[in-house]
Protein chains: 2
Amino acid sequence: MGHRIGDASAPARLAGTDEGIGLDELALAARNHGLPLEALRHDRTPPGLHYVLTHYDIPYVPDDTSWRLTVGGLVRRPLDLDLADLRAHPQVTTRVTLECAGNGRALLTPRPVSQPWLLEAVGTADWTGVPLRLLLAAAGVEPGAVDVVFTGADHGVERGVEQDYRRALPLEVAAGDDPDVLVAYAMNGAALPPQHGHPLRLVVPGWYGMAQVKWLRDITVTDREFTGFQQSVAYRLRQHPDDEGEPVTRIAPRALLVPPGFPDFMSRTRVVRPGPVALEGRAWSGRAPVTRAEVSTDGGLSWQEAEWDSGTGHRWAWRRWRLTWTATPGRHVLSARATDAEGHTQPLEQPWNRGGFANNLVQRVPVLCTDTVADPP
Amino acid sequence: MGHRIGDASAPARLAGTDEGIGLDELALAARNHGLPLEALRHDRTPPGLHYVLTHYDIPYVPDDTSWRLTVGGLVRRPLDLDLADLRAHPQVTTRVTLECAGNGRALLTPRPVSQPWLLEAVGTADWTGVPLRLLLAAAGVEPGAVDVVFTGADHGVERGVEQDYRRALPLEVAAGDDPDVLVAYAMNGAALPPQHGHPLRLVVPGWYGMAQVKWLRDITVTDREFTGFQQSVAYRLRQHPDDEGEPVTRIAPRALLVPPGFPDFMSRTRVVRPGPVALEGRAWSGRAPVTRAEVSTDGGLSWQEAEWDSGTGHRWAWRRWRLTWTATPGRHVLSARATDAEGHTQPLEQPWNRGGFANNLVQRVPVLCTDTVADPP
């Protein structure tokens, strides 16, 4: 009996009742990271504050001059491009809010065992690159094309399957121009950091993070639907293990508060003083523009509409909202809720599936309002 | 009865037997992050891969032109400086490996409940700034000075004590020139990122992270030992809650492996093929130069000396070492161990204290060597 790749993997599972986060989940939490919610104040998230989720290792690419991007499959003129070739194409910069499909997973009951996000798996950046439609046009997509498959240089094992990270988009999304899908080489005006796909990544405005293939090395046009692991096994909305499940695609609406006041180190409870407290936050949706942000200061019993900052013209980026709350001594639970132009909004009861995907349950921020000026140490 | 600040805090505690990581610990793990160990390949750690530990919120400083640093207390000429004043002083760049004093905490039994680091709380950067001794000389330290107290702009609560983050160094360390303590305004040649102290931080080569005060706004020279929370309550080595405890100071030696091969997403088990596997890693000590790195491929039963890369001349930064291992099919546990010029080394049994500080137990990297070429999906 040999030692099989599959021996590295454990089966998918749900955490037991009251089961704490395990060392496997912690190993993911220690290397991936969220956006500390006070950083919602930045219009554009600086690298290091933007969320990161890497399935396998971050490839080490100290010299990107030999990096190649190939475009092939069902095309008339296969391409083999280096970064200089890509930079010679027209470039587009789009401000995009990216969110992990598993955001909020660790707050679910029962908890799917995977990367244990609370609510921080989000970030917004200016991504610069070549519109994918231009590369597809240059290659000449043949009739009968269905999917466009993207392969990254990150390599690993999931549930016994050794693989390069690989995802597909339907041709009409990949070749669309509203929005442009980008083959991006810059983030906030600088070369991509290693953890964001250096030297090249896909950016698909409006879609969850699994579509944003990093360390992009190949694009293949196919005449059938792609059924690779990350498309057909992972990233499906399933209630039972043997459901086929709907695919995870576009980002559901969400609003998040900048937690007001200041925190306790360990409990993360927020502390404010009585009186007016300036609340602010961000809201976004990958389905349609966000049109409404509401705030509750009583745990979701009542809601008050927040005011938008003047529009920034960035359709695919989060919007900032504000509201002043008059805090009174005691304990409070603050929440925010986004609604988009198609009427999608956020539920007060958890939307649950076995992968913990696309869960946009409203945030709850416990706040303690103190009426004592100072406590003796 | 009022609502006291202290109501935000819970008492310090140890996790129970088999108690998983709680949501409070996870909230810290999701916002702070370690260095993904494959990033040990970088001589200098890019921002976003370097570890970050923030006690409270990351201050939002979109415009640093009004930032002031005051130097006062037991000095003849108190200073009130802006960034331009600081940049007018002579500048020094030092490559420094920083490590959190709590690195390895989540692997301890019993586990102190706090930021649950595994082994990734480390990073190395070039820090540029003004030697602190020059500022102290400009201010003119009076006779009788004992400690130099550093105050950051980050504000929060710990164990019922509302505070700005504040730490002290003995005068002889603060005013020393071997090494220079830096008031740093640049990391790897660029302005400090928000999470690393923008616009100004302290860098104390050789000391654990708690000494590296970020968002530095005040320096006060005192005629007695500083007894603030982060000096006298936190960051002490205690076996029992009522011990006074020794202070945490300099970084104990540690070696870490770049985990070889590729990972399983969830178990993080590493997979390699049979045959020669190039192992590499880093080693460092804040006490004395590291002189020896050893590797074990049998769980610590036997050790083999690794080879150093040619010296980089950076005394306060990690050193790279290499060793080739011939992998055979089966499961293995790899470890690395550093020893410094003063003979400090790493234990095979956990060094335990109630804070989980300065624990440099040797790393264990489980590896599966497969002898099957490919598994059917």
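In case you missed it, the structure is sitting above this.
Residues numbered from 1 in each chain as written. Chains lettered and ligands numbered in written order. Predicted model: local features only at pLDDT ≥ 70, side-chain atom pairs only at ≥ 80, totals over all residues. Heavy atoms only, no water.

Observations concerning the pattern of salt bridges
Put simply, the rule reads: What makes a salt bridge here is a side-chain nitrogen of Lys or Arg within 4 Å of a carboxyl oxygen of Asp or Glu, nothing more.
A full pass over the atoms with the stated rule returns 46 salt bridges over all chains. Put simply, Glu244(B) and Arg236(B) hold a salt bridge, and the shortest N to O gap is 3.8 Å. Through salt bridges with shared partners, a single ionic network connects Arg41(A), Asp43(A), Glu280(A), Arg282(A), Asp309(A), Arg320(A) and Arg322(A).

A look at the interface of chain A and chain B
Let me state the cut-off plainly: Every residue pair with non-hydrogen atoms within 4.5 Å of one another is taken to be in contact. Put simply, buried area is the surface a 1.4 Å probe can reach on two separate parts but cannot reach once they are joined, added for both. Residues adjacent in sequence count toward polar contacts only when both atoms are side-chain atoms; beyond that, a polar contact is any pair of N or O atoms within 3.5 Å, and within protein one must be able to donate a hydrogen and the other to accept it. Every helix listed is a DSSP run of H or I at least four residues long, and every strand listed is a run of E at least two residues long, numbered separately from the N terminus.
Across the boundary between the two partners, chain A contributes 75 residues, which contact 75 residues of chain B. Across the chain A/chain B interface, buried area totals approximately 6,700 Å², and carbon plus sulfur atoms make up 62% of it. Of all residues in chain A, His3(A), Phe265(A) and Met266(A) bury the most surface against chain B, accounting for 11% of the area lost on that side. In this structure, Arg31(A) and Glu38(B) form a salt bridge, with 2.8 Å as the shortest nitrogen-oxygen distance. For the pair chain A and chain B, the interface holds 29 residue pairs in polar contact (both at pLDDT 80 or more). Sorting elements by how many residues they give to the side of chain A that touches chain B places helix 1 (residues 23–31) of chain A first, with 9 residues.

Details of the sheet that holds strand 6 (residues 161–170) of chain B
All names here are of chain B. To keep it simple, the criterion reads: Here the rule is simple: two strands pair whenever DSSP picks up at least two bridges between them. Inter-axis angles, ranging from 0 to 180 degrees, are taken between N-to-C directions of lines fitted to C-alpha atoms, where helices are fitted over the stretch in contact.
Read from one edge of the open sheet, 5 strands run 2-1-10-5-6, paired in mixed fashion. This sheet does not close on itself; its edge strands, each paired only once, are strand 2 (79–81) and strand 6. Shown here is a sheet whose adjacent strand axes are inclined to one another by a mean of 25 degrees, direction ignored. Pairing analysis gives 3 bridges linking strand 1 (residues 69–73) to strand 2, with the strands arranged antiparallel. The residue of strand 2 that forms the bridge with Thr 70 is Asp 80. This element, helix 3 (residues 132–139), spans strand 1, strand 2, strand 5 (147–158) and strand 10 (216–222) of the sheet and lies at about 130 degrees to strand 2.

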